[in-house]
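Summary of structural features
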Amino acid sequence: MHKDIEKVLISEEEIVEKCKELGAQITKDYEGKNPYVVGLLKGSVPFMAEIVKYIDLDIEVDYMSVSSYSGTESNGDVRIVKDLDCSIVGYDVIIIEDIVDTGKTLNKVKDMMYAKGADSVKICSLLNKQERRLIDINADYVGFEVPNEFVVGFGLDFNQKYRNLPYVGVLKEECYL
Ligand code: 5GP
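Residues numbered from 1 in each chain as written. Predicted model: local features only at pLDDT ≥ 70, side-chain atom pairs only at ≥ 80, totals over all residues. Heavy atoms only, no water.

Applying the stated rule across the entire model yields 4 aromatic pairs. The interplanar angle of 85 degrees and the centroid separation of 5.9 Å between the aromatic rings of F150 and F158 together place this pair among those described as edge-to-face. With respect to burial, F150 and F158 carry one shared label: buried. On the basis of an interplanar angle of 50 degrees and a centroid distance of 5.6 Å, the ring pair of F150 and Y176 is categorised as tilted. Pair noted here: F150 is in the loop between β7 (141–145) and β8 (151–152) and Y176 is in the segment after β9 (168–171), with a separation of 26 residues, a long-range link. F150 sits in the buried class, given a relative accessible area of 14%. According to the relative accessible area criterion, Y176 is partly exposed, its value standing at 25%. Three or more aromatic residues joined by ring pairs form one cluster here, namely F150, F158 and Y176. Its guanidinium or amino end placed over the ring of F144, K18 lies 5.2 Å from that ring's centre, counting from NZ or CZ. (Phe/Tyr/Trp six-rings, centres within 6.5 Å; stacked < 30°, edge-to-face > 60°. Buried < 20%, exposed > 50% of the residue type's maximum accessible area, 1.4 Å probe, protein only. Helix = DSSP H or I, 4+ residues; strand = E, 2+ residues; numbered from the N terminus. Lys NZ or Arg CZ within 6 Å of the ring centre and 35° of its normal.)

Lining the immediate environment of the ligand, one finds 16 residues, of which D98, T102, T105, V151 and D157 sit closest. At 3.4 Å from an oxygen atom of the ligand is found a main-chain nitrogen or oxygen belonging to K104. At 2.6 Å, a backbone N or O of D157 approaches a nitrogen atom of the ligand. For the ligand, whose accessible area on its own is 510 Å², the fraction buried by protein is 92%. Taken together, the elements giving at least two residues each to the shell around the ligand come down to β5 (92–100) and α3 (104–115). Among the elements that line the shell around the ligand, the one with the most residues is β5, at 3 residues. The residue makeup of the shell around the ligand, split by class, is 5 nonpolar, 4 polar and 7 charged. (Near = heavy atom within 4 Å. Polar contact = N/O pair within 3.5 Å; in protein donor to acceptor, adjacent residues only side chain to side chain. Areas by Shrake-Rupley, 256 points an atom, 1.4 Å probe, with all protein chains shown as cover. Nonpolar A, V, L, I, M, F, W, Y, C, P; charged D, E, K, R; others polar.)

A separate point is the pairing of β5. A regular strand places its side chains so that they alternate between the two faces of the sheet. Of all 9 residues in β5, 9 are buried, a share of seventy percent or more. Both β5 and strand β6 (residues 120–128) contribute to a ladder of 8 bridges, which runs parallel. Considered in β6, the bridge of E97 is made with S125. Crossover handedness for the path β5 to α3 to β6: right-handed. (Pairing = 2+ DSSP bridges. Right-handed = clockwise from strand over helix to strand, strands pointing away.)

Right, let's talk about the pattern of salt bridges for a bit. This structure, assessed with the given rule, holds 11 salt bridges. A salt bridge links E149 to K7; the shortest N-O distance between them is 3.8 Å. Of the two residues, E149 sits in the loop between β7 and β8 while K7 sits in strand β1 (residues 5–10), which places them 142 residues apart along the sequence. The partner of D85 in a salt bridge is K82, with the nearest N and O atoms 3.3 Å apart. Residue class for D85 comes out exposed when judged on its relative accessible area of 61%. Beyond isolated ion pairs, a larger network of salt bridges with shared partners links D62, K82 and D85. (Salt bridge = Lys/Arg side-chain N within 4 Å of Asp/Glu carboxyl O.)

Interpretation in functional terms is not warranted from these geometric data alone.
What follows is the structure, given as structure tokens:
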């Protein structure tokens, strides 16, 4: 385990198993459709890479980058840093996210997708931190509930570090206070 990690919350094996389950569910729910799967950079990258293997449909994959966070707090002012590569008019969009925390980011991103002409927009998040929610928005597909602690790994960072950890763990307080 990395020296800055207090404890591991979710192992790599558990994440892979969950991706299989969620992928199978998405495959069933979108039968006959070709969803446009959008990963939010950079936190969703490992989750996106894992889950798409288990979505047995002709999907399109794209990435979008929005900024709303500095340090450990979201400021709710969401702006596009990297936009989608293609038009999504008439598409069923699935947003892949690392964690839903206050909900501010996803709320804005969901609105942006509809404004771009998406037919439907659903959210698939690896983690959910329900306790911190400020906006009434929920992911349609959730991997794991996490407690109100700052977590890193499997894509999640603190100041761009720890994204490469193969598990989700709690960062030692001394590392961010
Ligand atoms: P929200 O707008 O829902 O508050 O923020 C969502 C974004 O905040 C996530 O995509 C993630 O980048 C970041 N975030 C929220 N909680 C955590 C956390 O516990 N750990 C890390 N590393 N990032 C978090």
